[in-house]
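What follows is the residue order along each chain.
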Amino acid sequence: MSAPLPVTPDDIRAAEARLRGRVRLTPMRADPRLPGVLLKQEYRQETGAFKLRGATNAILSLPPDQLRRGVVTASTGNHGRALAYAARAAGARAVVCLSHLVPANKVQAVRDLGAELRITGQSQDEAMIEVARAVREEGLTEVPPFDHPAVVAGQGTLGLEILAQCPAPSAVLIPLSGGGLAAGVAAAIRARSPATRLIGVTMERGAAMAASLAAGHPVTVEEMPTLADSLGGGIGLDNRVTFAMCRALLDEVILVAEPEIAAAMRHIHAVTGDAVEGAAAVGIAAILAGRLRPGPATVCILSGANVAPETFARILQGQPA
Ligand SMILES: *Cc1c(COP(=O)(O)O)cnc(C)c1O
């Protein structure tokens, strides 16, 4: 027997109860152009991405004294937004530390959600130093974007929601970065639908979890610009939760190229009328590129919608990625 995983189906059911009424139930619909493919439209979640599930569960799992002092993160992407929103909903303080390099529109988005901003230094690493200081000296609690049991359990509620809409999927395609989404969804689905193939999908350019799974331990990879910017970044060389879970639960990892991601964004727009971000389109990219033949019920998780309008317009016009 292998060691028990750090997040269990019971943890995910407990998260589901905590999240009830606090996150949206998002639609699932058939893709009329791809027989057998079901689109899980999680980009319609509050704050535009599934990250609200993990952030809300992490905040609501805190002991009252820690909740009173507040939470901190250095993310200005979907996790930072989600944490700011979830903290405000719980009546808690959220501090977001960012560097002077973060563009003004991102800064404003986090501020609009009621978070307290600390602008410091010239890099993400320097913002992380401020996070550590706030934890040490002010007693704030860091809520990381993926490598945390309560975050993973929260993301896993998306897996339970998928099974309520499609009880025995042939496969589920999960956008993969740090692996919080994949670990949680895979744990939820494996427990109730063991025959479902669980597939992580990520971009060829800078896929840290894919490289780590291939190496058998967490490794760093060079970060490169990609249309799937929400999938960038490392998994942490001291990864505690998501690496082991992805290794135990994912049947396969598929990599997709930039033009394939762009084509999938256009496809999803043609079918739903919605603009999704590159990270959300990787599952459809894998299918359109012929890297995976869909079975009778292949669920693609469309994970987020936070794409800059100018980027999306450029992709719709078919300009090179
Ligand atoms: C964070 C994110 C992912 C990847 O989630 P991980 O838990 O880091 O693997 C995928 N899509 C979107 C839109 C995201 O914001």
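Refer to the structure above for everything that follows.
This one's a predicted model, so the numbers in the text were calculated from it and none came from an experiment.

On to the site of the ligand, then. Residues in close proximity to the ligand total 16 residues, the closest being Lys 51, Asn 78, Ser 177, Gly 179 and Ser 303. Backbone polar atom of Ser 177 to an oxygen atom of the ligand: 2.8 Å apart, as the coordinates give it. Taking Leu 181, its main chain carries an N or O atom lying 2.9 Å from an oxygen atom of the ligand. For the shell around the ligand, the per-class residue count stands at six nonpolar, eight polar and two charged.

Right, let's get into the sheet that holds strand β4 (residues 94-98). The sheet built from four strands is open, its strands ordered β5-β4-β3-β6 with parallel pairing. Each edge of the sheet is formed by a strand with only one pairing partner; in this case those strands are β5 (116-119) and β6 (141-142). Where β4 and β5 come together, four bridges link them in parallel fashion. Each bridged residue has a counterpart across the sheet, and for Leu 98 the counterpart in β5 is Ile 119.

Turning our attention to the nonpolar core. Among the nonpolar cores identified, the biggest contains 38 residues, and Ile 162, Val 172, Ile 174, Val 185, Met 245, Leu 250 and Ile 301 are the most heavily contacted of them. When residues of this core are traced back to their parent elements, those giving at least two are α1 (9-19), α7 (149-165), β7 (171-175), α8 (180-192), α9 (208-215), α10 (242-249) and β10 (298-301). Sequence-distant contacts of Ile 301, defined by excluding residues within four places in its chain, comprise Lys 40, Leu 158, Ile 162, Val 172, Leu 173, Ile 174, Pro 175, Leu 181, Val 185 and Ala 280. In this structure, Val 256, Ile 261, Val 271 and Ile 315 belong to the second largest nonpolar core, which totals 35 residues.

Moving on, we get to the sheet that holds β7. Two strands in a sheet stick together by hydrogen bonds in their backbones, pointing the same way (parallel) or opposite ways (antiparallel). Reading across from one edge, β1-β2-β10-β7-β8-β9 is the order of the six strands in this open sheet, with mixed pairing throughout. Each edge of the open sheet is held by one strand with a lone partner, namely β1 (28-30) and β9 (252-256). The sheet shows a mean angle of 25° between the axes of neighbouring strands, taken without regard to direction. Direction of pairing for β7 relative to β10: parallel, over a ladder of three bridges. Each residue of the ladder has a partner; that of Ala 171, found in β10, is Thr 298.

Another point: empty space enclosed by the protein. Taken as a whole, this structure holds two cavities of 30 Å³ or more when the rule is applied. Of the volumes computed, that of the largest cavity is approximately 40 Å³. Around the largest cavity, the lining residues are Pro 9, Ile 12, Arg 13, Leu 160, Ala 188, Ala 191 and Arg 192. Sorting the residues of the lining of the largest cavity by element identifies α1 and α8 as the ones contributing at least two each. Tallied by class, the residues present in the lining of the largest cavity amount to five nonpolar, no polar and two charged. When its volume is computed, the second largest cavity comes out at roughly 30 Å³. Looking at the second largest cavity, the residues that line it are Leu 176, Ser 177, Thr 202, Met 203, Gly 206, Ala 207, Ala 208, Met 209, Ala 210 and Leu 231. Of all the secondary-structure elements, those providing two or more residues to the lining of the second largest cavity are β8 (197-203) and α9.

Scoring rules and cut-offs
Residues numbered from 1 in each chain as written. Predicted model: local features only at pLDDT ≥ 70, side-chain atom pairs only at ≥ 80, totals over all residues. Heavy atoms only, no water. Near = heavy atom within 4 Å. Polar contact = N/O pair within 3.5 Å; in protein donor to acceptor, adjacent residues only side chain to side chain. Nonpolar A, V, L, I, M, F, W, Y, C, P; charged D, E, K, R; others polar. Pairing = 2+ DSSP bridges. Helix = DSSP H or I, 4+ residues; strand = E, 2+ residues; numbered from the N terminus. Core = buried A, V, L, I, M, F, W, Y, C linked by side-chain atoms within 4.5 Å. Buried < 20%, exposed > 50% of the residue type's maximum accessible area, 1.4 Å probe, protein only. Contact = heavy atoms within 4.5 Å. Axes fitted to C-alpha atoms, helices over the stretch in contact; angles between N-to-C directions. 1 Å grid on protein atoms, 1.4 Å probe; cavity = no way out; pocket = protein on both sides within 12 Å on 5 of 7 lines; lining within 4 Å. Points joined across faces, edges and corners; volume = space filled by probe spheres on them.

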